[in-house]
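Here's the letter readout for the chains.
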Number of protein chains: 2
Amino acid sequence: MSTRLFTFTAVAQGPWEVTDQTALAGPPLARASHVQLQAGAPAAPAGLWSLRGITSNERYVERDEKAALVAQQPSLGEPARSCAALIPIRKTAAWWALSQDQRRHVLEDQSRHIRTGLRYLPAVARRLHHCRDLSENEPFDFITWFEYAPQDNGLFDRLLAELRASPEWAYVDREVDIRLSRIG
Amino acid sequence: MSTRLFTFTAVAQGPWEVTDQTALAGPPLARASHVQLQAGAPAAPAGLWSLRGITSNERYVERDEKAALVAQQPSLGEPARSCAALIPIRKTAAWWALSQDQRRHVLEDQSRHIRTGLRYLPAVARRLHHCRDLSENEPFDFITWFEYAPQDNGLFDRLLAELRASPEWAYVDREVDIRLSRIG
């Protein structure tokens, strides 16, 4: 069975060094020096903090969009993509109270979330982890992990600026942006 | 914060007595005599078996459907609805690989899952619990708990027969149907 659960832990030494960490909305996380990414749930995650999320079926992507994503999205772990971003977010109760078609309308018709993401492929590799239904008291609803090459740093910033300026982001009430660089 | 996580445990004595238990697809569960329903996750659930699920946002229901459901669906726990059904199901990998619009198409355009459910309101009270994203190895994807009055037993059977005859059910590879009667 393929692994769906992943844990991100702030550690003293690890494969990804934190280069920048900013809380954009809601409570910050303690400043990390390094982050370790593990498949599964460590028995006792030791570290400054530990976040976990699970990959799942798509909640909004339609058939043609899925085909375009599958055709263009690169894999994680390619050495040339030595920059990463770990961005946990939480959405408001108002978001979760919307019906499926209302959420899709905000996410794509109003905010072009999927189309915007497609424009940054294959430069940016990405894995989305869901947290909200792991338990009833998770600190974030989603954790996204991105990987990109150092020369695409400005491109990646533009991707985030576009998403953060969209109507969807009015429903984001906690967001932390952690940038990392692969060691070695 | 309202409670979203619920645990169903097969116990020797409890508030709901099992009157019938049938495995319709996939591995059965050990025959229970009584079932206990608890909010949250007990530290060490003792019992023949224990299933947990979490209530979450709707995945398919659209705005008008949500309004109709909210207007008509009764609450759990009303004494007159002294019959219950606990029905855990699991769906196939093929289901989870479908895009959102493909799943909605099967669930509602082809199978009329939401419209069928609405026709049985307000007779049948219902709470849907999601399991699939609690961890990567849950035995079921969903647990639904239903409550209805004894005189609506035949009505409830017709509801299930309609759903099980629908194209959506081709994607169900494990299903156990447990019927219960409230004690006292």
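Structure's up top.
Residue indices follow the written sequence of each chain, beginning from 1 at its first position. A letter from A marks each chain and a number from 1 marks each ligand, given out in the order of writing. Local features in this predicted model are restricted to residues of pLDDT 70 or higher, and side-chain atom pairs are both shown and tallied only at a pLDDT of 80 or more, whereas totals for entire chains, interfaces and linings draw on every residue. Remark: hydrogens and water are excluded; side-chain values derive from all non-hydrogen atoms of the structure.

Here the focus is the relation of the copies chain A and chain B. Both copies of the chain are related by one operation, a rotation about an axis with a shift along it. Superposing the copies works by least squares over the C-alpha atoms of residues that have pLDDT at least 70 in both of them. It takes a turn of 180° to lay chain A on chain B, together with a shift of 0.0 Å along the axis; the resulting RMSD is 0.0 Å. The superposition of one copy onto the other is thereby described by a two-fold rotation axis. When each C-alpha of chain A is compared by its distance to the rotation axis, leucine 134 of chain A comes out closest, at 2.1 Å. The residues that chain A uses at the interface reappear at the interface of chain B in 100% of cases, marking a shared surface. Contacts between residues were defined by any pair of non-hydrogen atoms, one from each residue, lying within 4.5 Å.

Okay, helix α5 (residues 153-164) of chain A next. Residue and element names in this part refer to chain A. Look at α5: 17 Å from first C-alpha to last across twelve residues, which is about the 16 Å you get at 1.5 Å a residue. Relative accessibility under 20% of the residue-type maximum defines a buried residue, over 50% an exposed one, and the middle range a partly exposed one, all with a 1.4 Å probe and only protein chains included. Secondary structure follows DSSP: runs of H or I at least 4 residues long count as helices, runs of E at least 2 residues long count as strands, and numbering of each begins at the N terminus. What α5 keeps buried is the set Phe156, Leu159, Leu160 and Leu163. The arc that holds the buried residues of α5, viewed along the axis, is 90°, so those residues lie on one side. Looking at the buried side of α5, the elements it contacts are β5 (83-91), α4 (113-119), β7 (142-148) and β8 (172-182). An expected span of 1.5 Å times one less than the residue number is assigned to each helix. When we speak of the arc, we mean the arc of directions from the helix axis to the C-beta atoms.

Attention now goes to helix α1 (residues 63-72) of chain B. All names here are of chain B. Turning to α1, its buried residues number three or more, namely Glu65, Lys66 and Leu69. In a view along the axis of α1, the buried residues occupy a sector of 100°, so they form one face of it. Opposite the packed face of α1, turned more than 90 degrees from it, sit the exposed residues Arg63, Asp64 and Ala71.

All names here are of chain A. A cis amide bond links leucine 121 to the next residue, proline 122, at an omega of 0°. Structurally, the position occupied by proline 122 is in the loop between α4 and β6 (125-130). Of note in this structure, arginine 112 is not a glycine but carries a positive phi near 55°. Within the secondary structure, arginine 112 sits in the loop between α3 (100-110) and α4. Here arginine 112 falls in the partly exposed class, since its relative accessible area comes to 46%.

Chain A puts 31 residues into the contact, and the matching count from chain B is 31 residues. Here the quantity called buried area is the total loss of accessible area, with a 1.4 Å probe, experienced by two parts when brought into contact, counted for both. When chain A packs against chain B, the two sides together hide about 2600 Å² of surface, and 42% of this comes from carbon and sulfur. Considering only the surface of chain A that becomes buried against chain B, Asn57, Asp133 and Glu136 of chain A emerge as the three largest contributors, covering 26% of it. Here, a salt bridge means any Lys or Arg side-chain nitrogen found within 4 Å of an Asp or Glu carboxyl oxygen. At the junction of chain A and chain B, the tally comes to four salt bridges.

We now examine the environment of arginine 132 of chain B. Of note, arginine 132 of chain B is situated in the loop between β6 (125-130) and β7 (142-148). Separated by 42 residues in the primary sequence, arginine 132 of chain B and arginine 90 of chain B place their C-alpha atoms 8.6 Å from one another.

Following the sequence through the fold, tryptophan 16 of chain B ends up in strand β2 (residues 16-25). Contacts of tryptophan 16 of chain B, omitting those with residues within four sequence positions, involve Ser33, His34, Val35, Arg81, Ser82, Cys83, Ala84, Trp145, Glu147, Leu180, Ser181 and Arg182 of chain B.

To continue, consider the state of the cysteines. What we call a disulfide is simply a covalent bond connecting the sulfur atoms of a pair of cysteines. Put simply, a disulfide is two cysteine sulfurs that come within 2.5 Å. A full pass over the atoms with the stated rule returns zero disulfides over all chains. For the unlinked cysteine cysteine 131 of chain A, the closest cysteine sulfur is that of cysteine 131 of chain B, found at 18 Å.

In this section: the pairing of β2 of chain B. In this structure, β2 of chain B lies alongside strand β3 (residues 34-39) of chain B, joined through two bridges in antiparallel fashion. Counterpart to glutamate 17 of chain B in the pairing with β3 of chain B is histidine 34 of chain B. Pairing between strands is defined by DSSP: at least two bridges between them are needed.

Here we take up the side chain of glutamine 100 of chain B. Locating glutamine 100 of chain B in the fold gives a position in helix α3 (residues 100-110). Glutamine 100 of chain B has contacts with Glu58, Arg59, Tyr60, Val61 and Gln100 of chain A together with Arg59 and Tyr60 of chain B, leaving out every residue within four places of it along the chain.

Right, let's talk about the pattern of salt bridges for a bit. Residues and elements named next belong to chain B. Within this structure, the stated rule accounts for 32 salt bridges over all chains. Glutamate 58 serves as the salt-bridge partner of lysine 66, at 3.1 Å between the closest nitrogen and oxygen. Classification of lysine 66 by relative accessible area gives buried; the value is 18%. Overall, the relative accessible area of 26% leaves glutamate 58 in the partly exposed class. A salt bridge links lysine 91 to glutamate 168; its shortest N-O distance comes to 2.5 Å. Here glutamate 168 lies in the loop between α5 (153-164) and β8 (172-182) and lysine 91 lies in strand β5 (residues 83-91), a separation of 77 residues in the sequence. Grouping residues by exposure puts lysine 91 and glutamate 168 together as buried.

With that settled, the discussion passes to empty space enclosed by the protein. Note on definitions: the grid is 1 Å and covers protein atoms alone; a cavity is a set of points where a 1.4 Å probe fits but cannot get out; a pocket is an open set with protein on both sides within 12 Å along at least five of seven lines; lining residues have an atom within 4 Å of a point. Grid points are joined across faces, edges and corners, and a volume is the space filled by probe spheres set on the points. Per the counting criterion, the structure on display carries three cavities of 30 Å³ or more. Counted as a void, the largest cavity has a volume near 130 Å³. Together, 17 residues line the largest cavity, and Asn57 of chain A together with Arg59, Trp96, His130 and Phe142 of chain B are the ones closest to its centre. By residue class, the composition of the lining of the largest cavity is six nonpolar, four polar and seven charged. For the second largest cavity, the calculated volume is near 90 Å³. Surrounding the second largest cavity, 14 residues form its lining, Arg59, His130, Arg132 and Asp133 of chain A together with Arg59 of chain B being those nearest its centre. Ten residues, namely Ala, Val, Leu, Ile, Met, Phe, Trp, Tyr, Cys and Pro, are considered nonpolar, four, namely Asp, Glu, Lys and Arg, are considered charged, and the remaining ones, Gly among them, are considered polar. Class assignment of the residues belonging to the lining of the second largest cavity gives a composition of five nonpolar, three polar and six charged.

So far we have only geometry, and geometry alone does not tell us how the molecule works.
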